[in-house]
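Residues per chain, in single letters:
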Amino acid sequence: MNQLTTPAPVYADEAPSPDNFDMEQLVHHTELPHTRLSRSFDAVIGTISAIAHWSWPLLMLVIMINVVLRYAFGEGHIELEELQWHLYSIGWLVGLSFCYVLDDHVRVDLLHERLGLKTQAVIELLGILFLLLPFALVVLWYAIPFVQYSFEMSEISMAPGGLPYRWAIKAVLVLGFALLLLAMLSRLSRVCALLFGFPRTIRISEEKARGN
C-alpha cells in the first residue's frame, strides 16, 4: 500500500463533520519526483495559465452585463454571447495542461489509489504513450490547417453583429494542446525518472538552493 497516495483511515470516533472535513481526502496524487525538464515546462505552463485564468472573472463579468442588458433593458447582443464561449474556451483549453501538471484532473479509477507508487507510474507511462500522446498529436495535426484555413479566409462570425477574427479563438485550440503536449513531456520525464532513473531528479535541497 502506498502511503503517499492513500489517505489515512477514518475511524468511527473521527468521522468528518461539515466543519472539519478536509477536501484533500478526496484528492489522490501520484507523488512523482521532479526533473529539470519538468520544472522548466511546468514554469512555462504556469506563466501562461496565470494569464489565461483571468478569462474566468472576465467571463462572469460579461455574463452579468449580458443578463442586465437583456432583462433590464430588453437588448440582446450577439457579440457578448459569442464572447462568453470564447472566454470559456480559453480558460478550459489552457486549464487542461495546468490541471495535468498539478495532477488535479479527474480520475475515474477505483483501483488507482490502492496501488503502489511504481505501479501507478507504469500505468501513467502506458496511458501517456498509447492514449494521451497520440490523441494530442492527432488534434494538433488537424487543428493547425483548421486555423490556417480560417486565417486565410479572414473568417468572421456568421451571425449578424457577431465577432470578427474567428481564427484567433480557433488558434487557442492549438495553444491549448501544445501546452498539453508540454505537460505530457513534463510528466513523462518524471515517470521515467522514477522508473528508470533517467533523467536525473532534482532534490529538495537543490530546489531550495536555487530558490535562494
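Refer to the structure printed above.
Definitions and limits used
- Residues numbered from 1 in each chain as written.
- Predicted model: local features only at pLDDT ≥ 70, side-chain atom pairs only at ≥ 80, totals over all residues.
- Heavy atoms only, no water.
- Helix = DSSP H or I, 4+ residues; strand = E, 2+ residues; numbered from the N terminus.
- Areas by Shrake-Rupley, 256 points an atom, 1.4 Å probe, with all protein chains shown as cover.
- Phe/Tyr/Trp six-rings, centres within 6.5 Å; stacked < 30°, edge-to-face > 60°.
- Buried < 20%, exposed > 50% of the residue type's maximum accessible area, 1.4 Å probe, protein only.
- Expected span 1.5 Å × (residues − 1).
- Arc of directions from axis to C-beta.
- Contact = heavy atoms within 4.5 Å.
- Salt bridge = Lys/Arg side-chain N within 4 Å of Asp/Glu carboxyl O.
- Patch = residues over 30% accessible without salt bridge, like charges linked within 9 Å, V, L, I, M, F, W, Y side chains within 5 Å.
- Lys, Arg positive; Asp, Glu negative; His and termini not counted.
- Axes fitted to C-alpha atoms, helices over the stretch in contact; angles between N-to-C directions.
- Parallel < 35°, antiparallel > 145°, perpendicular 65-115°, else oblique.
- Left-handed = near helix turned anticlockwise from the far one by under 90°.
- Nonpolar A, V, L, I, M, F, W, Y, C, P; charged D, E, K, R; others polar.
- Bend = angle between axes of the 7 residues up to and from the residue.

(A) Main features of the overall build of the chain. When you go through the chain residue by residue, the secondary structure sums to six helices and zero strands. In the chain, the succession of α and β elements from N to C terminus is α-α-α-α-α-α. Counting only carbon and sulfur atoms, one obtains 69% of the accessible surface of the chain, whose full area is about 13,800 Å².

(B) A look at the packing of aromatic side chains. The full count for this structure, using the stated rule, is three aromatic pairs. Taking the centre distance of 5.7 Å and the plane angle of 85 degrees together, the rings of W56 and Y88 count as edge-to-face. With W56 in helix α2 (residues 55-72) and Y88 in helix α3 (residues 78-102), this residue pair connects regions lying 32 residues apart in the sequence. Relative to F177, the ring of F135 lies with its centre 5.8 Å away and its plane at 65 degrees, an arrangement referred to as edge-to-face. Residue F135 is located in helix α4 (residues 117-152), and its partner F177 is located in helix α5 (residues 166-196); the two are separated by 42 residues in the primary sequence. Residue F177 is classed as buried on the basis of its relative accessible area of 7%.

(C) Geometry of α2. Its 18 residues give α2 an end-to-end C-alpha distance of 25 Å, which sits within 8% of 26 Å, the value for a rise of 1.5 Å per residue. Three or more residues of α2 are buried, namely S55, L59, V62, N66 and L69. One side of α2 carries all its buried residues, which in axial view fall inside an arc of 100 degrees. More than 90 degrees from the buried face of α2, the exposed residues found are M60, M64, Y71 and A72. Of the surrounding secondary structure, the elements contacted by the buried residues of α2 are α1 (36-52) and α3. Remark: G74 follows α2 within two positions and exhibits a positive phi of approximately 70 degrees.

(D) Highlighting the pattern of salt bridges. Enumeration according to the criterion identifies five salt bridges in this entry. For R166, the salt bridge goes to E82, with nearest N and O atoms at 3.8 Å. Residue R166 is located in helix α5, and its partner E82 is located in helix α3; the two are separated by 84 residues in the primary sequence. Just as R166 is buried, E82 falls in that class too. A salt bridge links K170 to E155; the shortest N-O distance between them is 2.8 Å. Highlighted residues: K170 in helix α5 and E155 in the loop between α4 and α5, separated in sequence by 15 residues. When its relative accessible area of 16% is taken as the criterion, K170 is described as buried. E155 sits in the partly exposed class, given a relative accessible area of 25%. What you see here is one network of salt bridges that share partners, running through D103, E124 and R187.

(E) A look at a nonpolar patch on the surface. Taken together, the side chains of W54, L58, M60, L61, M64 and I65 present a nonpolar region at the surface, about 650 Å² in accessible area. Tracing the chain through its elements places W54 in the loop between α1 and α2.

(F) Focus on the side chain of D42. Looking at the secondary structure, you find D42 in helix α1. As a buried residue without a salt bridge, D42 has its nearest oppositely charged side chain in R190, at a separation of 4.7 Å. Setting aside its immediate chain neighbours within four residues, D42 contacts H34, V101 and S186.

(G) Summary view of the packing of α2 against α3. Running from amino to carboxyl end, α2 crosses α3 at an angle of 160 degrees, the nearest separation of the two axes being 9 Å. With respect to α3, the axis of α2 lies roughly antiparallel. Here α2 and α3 pass one another in a crossing that is left-handed. Contacts from S55, W56, L58, L59, V62, I63, I65, N66, L69 and R70 of α2 reach α3 at L80, E81, L83, Q84, L87, Y88, I90, G91 and W92. Residue classes in the contact of α2 with α3 are distributed as 13 nonpolar, four polar and two charged.

(H) Geometry of α4. Between its terminal C-alpha atoms α4 stretches 49 Å, which fits the 52 Å expected from 36 residues at 1.5 Å a residue. In α4, a bend of some 45 degrees at I128 exceeds every other bend along the element. Buried within α4 we find L117, Q120, A121, E124, L125, I128, A136, V139, L140, A143, V147 and S150. Lining the buried residues of α4 we find α3 and α5.

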